[in-house]
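Per-entry structural report
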Amino acid sequence: MKIFLDTAKVEEIRRASSWGVVDGVTTNPSLLARAGRADVETAIREIASLVQGPISVEVISNTAEGMVEEARRFASWKLNTAVKIPMTEEGLKAVRMLAAEGIKTNVTLVFSVPQALLAAKAGASFVSPFVGRLDDVGQEGMELVRDLARIFTHYGFSTEIIAASIRHPMHVVEAARAGAHIATVPFSVLTRMLQHPLTDVGIQRFLEDWERLQAQVPSAAGAAKV
């Protein structure tokens, strides 16, 4: 399963990319606003200099024509972008037009199997079920990912499933078990994936044992000379 970083903060992307585990990045208007990046093109160019995989950039238009116009502008940057399109009637129209032009799309704000099926049939490159937000309203978000993985495999859809709205490391584990192609995770979740208390205890024990050994070496060498 691929891991995308869900952020627009370049410092987070730079740090995570240095670990060799980031396969792409997803952004949205909220993330860009939190990062203080009003100039979207400059932000995406900076991100593209750090990651090789797709970078999702979201449209803000409500009409298919407006979405397509924005998407073409993103494509003109000649970067590895995927255009985030909302799951609406106008969004589906835009996805179909963009697929015909060879422009990658990521249909976002997906909360049901029917929505994801329509997105895949329209030609979406990616579909993003929001598992955390479904959990928030009492539904099992990961069940949607499991259903989509089975259905997409059965019918041979090329659309990749991005498990989105990831809240904690176990969401990433569950997404992998469910068959998601990708999990897009906030930087805070990615750093927590590194951590385990037994790892910390093990490192501390190794260091203490090594220090005790080094403390014994001078006395052992002196005894040998005598």
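The notes below deal with the structure included here. Keep in mind it's a predicted model, so treat the numbers as computed, not measured.

Definitions and cut-offs
Residues take numbers from 1 onward in each chain, read along the sequence in its written order. Predicted model: local features are reported for residues with pLDDT of at least 70 only, side-chain atom pairs are reported and counted for 80 or more only, and whole-chain, interface and lining totals are derived from all residues. Each side-chain value is derived from all of the structure's non-hydrogen atoms; neither hydrogens nor water enter the calculation. A 1.4 Å probe that fits into a set of points on a 1 Å grid over the protein atoms alone but cannot get out defines a cavity; an open set with protein on both sides within 12 Å along at least five of seven lines defines a pocket, and lining residues are those with an atom within 4 Å of a point. Grid points are joined across faces, edges and corners, and a volume is the space filled by probe spheres set on the points. What counts as a helix is a DSSP run of H or I of at least four residues, what counts as a strand is a run of E of at least two, and both are numbered from the N terminus. Gly is placed with the polar residues, together with every amino acid not listed as nonpolar (Ala, Val, Leu, Ile, Met, Phe, Trp, Tyr, Cys and Pro) or charged (Asp, Glu, Lys and Arg). Salt-bridge detection follows one rule: a side-chain nitrogen of Lys or Arg within 4 Å of a carboxyl oxygen of Asp or Glu. The buried label applies to any residue whose accessible area, calculated with a 1.4 Å probe on protein chains only, is under 20% of its type's maximum; exposed applies above 50%, and partly exposed to all values in between.

1. So, the layout of surface pockets
- By volume, the largest pocket is sized at about 580 Å³.
- For the largest pocket, the lining is made up of 29 residues, of which Asp-6, Asn-28, Leu-31, Arg-34 and Arg-133 are closest to its centre.
- Only helix 2 (29-34), strand 5 (105-110) and helix 10 (187-193) provide two or more residues apiece to the lining of the largest pocket.
- The element best represented in the lining of the largest pocket is helix 2, accounting for 4 residues.
- Looking at the lining of the largest pocket residue by residue, the classes come out as 11 nonpolar, 10 polar and 8 charged.
- Each pocket or cavity is described by its volume, and for the second largest pocket that value is around 170 Å³.
- Lining the second largest pocket are Asn-28, Pro-29, Leu-32, Val-40, Val-57, Glu-58, Ile-60, Glu-70, Arg-73 and Phe-74.
- Looking at the lining of the second largest pocket, the elements that each hand over two or more residues are helix 2, strand 3 (55-58) and helix 4 (64-76).
- Per-element accounting of the lining of the second largest pocket gives the leading share, 3 residues, to helix 4.
- Residue classes in the lining of the second largest pocket are distributed as 6 nonpolar, 1 polar and 3 charged.

2. Examining the pattern of salt bridges
- The tally for this structure, following the rule as stated, stands at 12 salt bridges.
- The closest approach of N and O atoms between Glu-160 and Lys-2, which form a salt bridge, is 2.9 Å. Of the two residues, Glu-160 is situated in strand 7 (residues 160-163) and Lys-2 in strand 1 (residues 2-6); the sequence distance between them amounts to 158 residues.
- Its salt-bridge partner being Glu-143, residue Arg-146 comes within 2.8 Å of it at the nearest N-O pair. Residue Arg-146 and its partner Glu-143 are both found in helix 8 (residues 141-155); the two are separated by 3 residues, about one turn of the helix.
- With relative accessibility at 30%, the residue Glu-143 sits in the partly exposed group.

This is a description of form; function is not addressed.
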